[in-house]
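Structural characterization, general
Residue strings, one per chain:
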Amino acid sequence: MKITYVYADRPYEWNTSEWRCAMPARAINRSGVHTAFLVDLFDFERNSAEVQGFLDQSDIVLVERNLRTTVLAAIQRLKAKGKPVAANFDDAYHLMTPDNPSYPYWFEGKTFSVNEKGERIEGRIDPVPLTQFKWGLRMVDAITVPSKVLMRDWQDYVDAYLVPNYIDLTNYLTAERKPHDGVIIGWGGSLSHLQSFTDSGVLEALRRVLQARPAVKVMICGDKRVYDHVDLPEDRKVFQGFVPFSQWPGVVVNFDIGLAPLQGAYDERRSWIKPLEYMVLKVPWAASDGPAYEDIRNYGVLVQNTAEAWEQTLLDMVDRLEAYREMAAGEPYRFGIAQGIDDNVDKIVATYQEIIDNVQGG
C-alpha cells in the first residue's frame with residue numbers, strides 16, 4: 001500500500017503532525033512492505049507536480065486538521081479521481097472554550113501573520129474554520145482519530161475509525177535519567193492545556209503537597225505562560241521551555257511522578273500520549289479519571305477531580321515512591337512498549353485498507 005499524509009503543523013508548533021503523520025510515515029517506510037509520503041498542507045493546496053506524483057501513486061490520502069476552502073478544493077480533485085481521502089485529527093475543535101488560544105481561529109475566523117517589518121497583520125476567515133471543517137467531514141470518505149469519544153462525536157457525519165497515537169520508541173528507550181535531589185512532579189503542555197491543569201483540582205492539591213513535603217518540586221514544561229499562571233512558590237517550581245521533539249523524552253524521564261490532569265468535555269477527547277510517554281519511560285503517573293484514559297486505568301492512578309483526591313494520591317505517591325516505581329517498571333512499561341509504532345504498522349494499514357474497501361465497495 002502507498003499512503004500520503006498531508007500534515008498541518010508549522011515548524012514552531014510541531015507536535016500533532018509528529019504523532020498523526022510523521023511517526024506513522026516513518027514506521028510504514030521502515031516496514032519495507034508499504035510506502036508513505038509526507039506532504040506539507042500548503043504544497044497540497046498548491047498541487048505542485050511533485051505533490052501530484054505522490055498523490056497519484058497513493059492508495060489513500062490522509063489530510064490533517066485544516067479543512068479550509070482551498071484544502072477542500074484539493075480534496076475534491078482527489079475525489080473526482082476516485083481516490084479515497086480521510087481526515088486525520090486528534091482534538092475536539094467543536095468543543096473549544098473561549099479561554100483556549102485556538103478558539104478565535106476556529107469559532108471567529110480570526111487569523112494573524114507577520115509582515116517583513118515584523119508587524120502583526122490581522123485577518124478574518126469567512127465562513128469560520130469550524131464551519132468549513134464540518135463541510136470537509138461531509139466530503140471525505142472517513143476520519144481517523146485516536147479517541148473513541150471523538151469517533152462517536154462525528155460518526156453521524158462520516159465513517160469514523162480509531163487509529164491510536166502509537167509511539168516511536170527510538171528516543172524514549174535511550175533517554176537517560178539524571179540524578180537530582182528531592183522529588184519532581186512533572187507536567188508538560190501548551191497554553192491550551194492550562195484549564196485542565198488549573199480546574200481539575202490538581203493545582204490546589206500541589207500547593208498542599210508542597211507545604212506538607214519540603215523535598216517536592218513541580219516542573220512545568222512547555223509554554224512559559226502556563227508556568228506563570230501556576231500559582232506555586234517560586235522556589236518550589238521549575239520551568240523547562242520547549243525543546244526539539246527528539247529531546248523531549250530526555251526531559252520527561254527525569255520526572256519522578258508524571259501528571260495528566262483533564263477537565264471538561266474538550267479534554268474527554270484527548271488521546272493517551274501523556275500517560276503512554278510516562279509508561280515507556282517507567283515514570284509513575286496520576287491522571288484525571290474519565291473517558292480519555294479509561295482503557296489504561298490499570299497502568300496508573302486515576303483520580304477524581306477534587307483537590308482532596310489529588311492531594312491524597314500525590315502524597316501517597318511521594319511517600320511510597322519506590323513502590324510506585326517498581327510497579328511502573330512492570331505491566332505499565334510492558335503495555336507501553338507494546339504500543340510502539342513499528343509493532344503496530346499492520347494495524348494502521350489494515351484500518352486504511354478497510355476505508356479503501358468501503359470506498360471501492362460503494
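Okay, so let's go over this structure. (Residues numbered from 1 in each chain as written. Predicted model: local features only at pLDDT ≥ 70, side-chain atom pairs only at ≥ 80, totals over all residues. Heavy atoms only, no water.)

1. Concerning the sheet that holds strand β3 (residues 60-64)
For clarity, the threshold we go by: Pairing between strands is defined by DSSP: at least two bridges between them are needed. Strands are runs of DSSP state E lasting at least two residues, helices are runs of H or I lasting at least four, and both sets are numbered from the N terminus onward. Only the contacting stretch of a helix is used when fitting its axis, a line to C-alpha atoms as for every element, and angles between N-to-C directions run 0 to 180 degrees. Contacts were defined at the residue level, with two residues in contact if any of their heavy atoms lie within 4.5 Å.
With parallel pairing, six strands are arranged side by side in an open sheet as β2-β1-β3-β4-β7-β8. The open sheet has two edge strands, β2 (35-40) and β8 (159-162), and neither has a second partner. With direction set aside, neighbouring strand axes in the sheet form an average angle of 25°. Judged from the three bridges that link them, strand β4 (residues 85-88) and strand β7 (residues 142-145) form a sheet pairing that is parallel. Bridge pairing in β7 places Ala86 opposite Ala142. Against the sheet, helix α1 (residues 16-31) engages β1 (2-7), β2, β3, β4 and β7, with an angle of about 155° to β1.

2. With respect to the environment of Trp19
Operational definition: Throughout this description, buried means an accessible area under 20% of the type-specific maximum (1.4 Å probe, protein chains only), exposed means over 50%, and partly exposed covers the range between.
The topology assignment puts Trp19 in helix α1. Under the relative-accessibility criterion, Trp19 is labelled buried at 3%. Along the primary structure Trp19 and Asp141 are separated by 122 residues, whereas in three dimensions their C-alpha atoms are 21 Å apart. The residues contacting Trp19, other than those within four sequence positions of it, are Pro24, Asn165, Tyr166, Ile167, Tyr172, Phe245, Ile273 and Glu277.

3. What about helix α17 (residues 345-360)?
We count it as follows: Any helix carries an expected span of 1.5 Å times its number of residues minus one. Our arc is simply the arc of the directions from the helix axis toward the C-beta atoms.
An ideal rise of 1.5 Å per residue puts 22 Å on 16 residues; α17 measures up with 22 Å between its terminal C-alpha atoms. The set of residues buried in α17 consists of Val345, Ile348, Val349, Thr351, Tyr352, Ile355 and Ile356. One side of α17 holds all its buried residues, which, seen down the axis, span an arc of 155°. More than 90 degrees from the buried face of α17, the exposed residues found are Asp346 and Lys347. Summarising the contacts, the buried residues of α17 are in contact with β1, α1, β3, β4, β7 and β8.

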